[in-house]
Amino acid sequence: MQGNLPPEAQEKLEELQDLQETAQQVAAQKQQAETTLRESENALEALDDAEEDTEIYREVGELLVKSEYSEAYEELEEKVDSLEIRVDTLEKQEERVREQFEELQEELQEMLQGAGGPGGGGGPMGPGGPGAGGD
Amino acid sequence: MSLGGGGGGGMDQLQQQLEALEQEKEAVEAEIEDVQGDKTDIDEAIDALEMLDTDDTVQVPLGGGAYVRAELESIEEIVVSIGGGYAAERDRDGAIDTLESKKDTLDTRIEELRSEVAEIESETEQLEQKAQQMQQQQMQQMMQQQQQMEGEGDEE
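Conventions used here
- Residues numbered from 1 in each chain as written.
- Chains lettered and ligands numbered in written order.
- Predicted model: local features only at pLDDT ≥ 70, side-chain atom pairs only at ≥ 80, totals over all residues.
- Heavy atoms only, no water.
- Core = buried A, V, L, I, M, F, W, Y, C linked by side-chain atoms within 4.5 Å.
- Buried < 20%, exposed > 50% of the residue type's maximum accessible area, 1.4 Å probe, protein only.
- Helix = DSSP H or I, 4+ residues; strand = E, 2+ residues; numbered from the N terminus.
- Pairing = 2+ DSSP bridges.
- UniProt positions renumbered as here; feature names shortened; annotations may be inferred.
- Patch = residues over 30% accessible without salt bridge, like charges linked within 9 Å, V, L, I, M, F, W, Y side chains within 5 Å.
- Areas by Shrake-Rupley, 256 points an atom, 1.4 Å probe, with all protein chains shown as cover.
- Salt bridge = Lys/Arg side-chain N within 4 Å of Asp/Glu carboxyl O.
- Lys, Arg positive; Asp, Glu negative; His and termini not counted.
- Charge placed at Lys NZ, Arg CZ, Asp CG, Glu CD.

1. Some remarks on the nonpolar core
Grouped together as the largest cluster of nonpolar side chains are 26 residues, with contacts concentrated most on L49 and L99 of chain B. Looking at which element gives the most residues to this core, the answer is helix α2 (residues 92-155) of chain B, with 11 residues. A33, A46, A72 and L83 of chain A belong to the second-largest nonpolar core, a separate cluster that totals 20 residues.

Printed below as a string of structure tokens:
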């Protein structure tokens, strides 16, 4: 089908496909960041429930290295803060990509209709694609 | 992605999309299996914690099927991973609680993954219907063309 498209439309279609790929990558990164965030929040909760003289260890590969409650708490708090920022940034990026995708999709459909080409029908798969969102 | 009408190209593209969805579904299902494996590991750890007592003799695996005998100094000093790269010492009940809450987290993840599978399946169904419609359209077009050609042949 792509071979029958005018070169300009072909170019836009390729851009759309690239955007779709970007959207999937961003969604995967966001999901990863959300998972790590949730894990770190749970770890903080676990520390909240524990006494301050609890023996704490840092996991280094298979090894457990003795650490301190306060050090672990501080590090986990910092981790949660930075992960919240990361998730927020990725959400904004996701939104930007979605807007770009929709604009481009509209342009392409107009281009095809203007050229008397086949009607848009069901548009391209959304930028998120199946399972890309994850939430 | 369907931008064109009923050409064979559109059909190819639908086929590609269906294959991509199938691959995606397989990947999500594999992840569900991994998570279920993690849950089984946790269950085994909980069983061990419930079964063992201080001063029990155990055989500690060294790998390669080799074990060394050891005596448990205290069942009330269990180091359990709490996530985020840290582990904390808990008493037996505390360790079991931590492990149970990990299992809850894994259950939530399994539910999320299952709903992803359901989403992929419904998308697959829609695409399959579309493919079927496209095929029917092509068949009708072919039949019309054939009838037209036969009609023209009769006129001659």
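2. What about the pairing of strand β4 (residues 86-90) of chain B?
Of all the five residues making up β4 of chain B, four are buried; the element is thus mostly covered by neighbouring parts of the structure. Pairing of strand β1 (residues 56-60) of chain A with β4 of chain B, which is carried by three bridges, proceeds in the antiparallel orientation. Paired with I56 of chain A across the strands is A88 of chain B, a residue of β4 of chain B. As paired elements, strand β3 (residues 78-83) of chain B and β4 of chain B share five bridges and run antiparallel to each other. The residue of β4 of chain B that forms the bridge with V80 of chain B is A88 of chain B. Where β3 of chain B folds back onto β4 of chain B in an antiparallel hairpin, the turn is made up of two residues, including G84 of chain B, whose phi is positive at roughly 65 degrees.

3. Here we look at the UniProt feature "coiled-coil region" (unreviewed entry) in chain B
In the numbering used here, UniProt assigns the "coiled-coil region" (unreviewed entry) feature to residues 11-38 of chain B. Secondary structure over residues 11-38 of chain B splits into 100% helix and 0% strand, and the C-alpha atoms at its two ends are 41 Å apart.

4. With respect to a negative patch on the surface
Residues E22, E26, E29, E33, D34, D38, D41, E44, D47 and E50 of chain B make up a contiguous surface patch of negative charge. If you trace the backbone, D38 of chain B turns up in helix α1 (residues 8-51).

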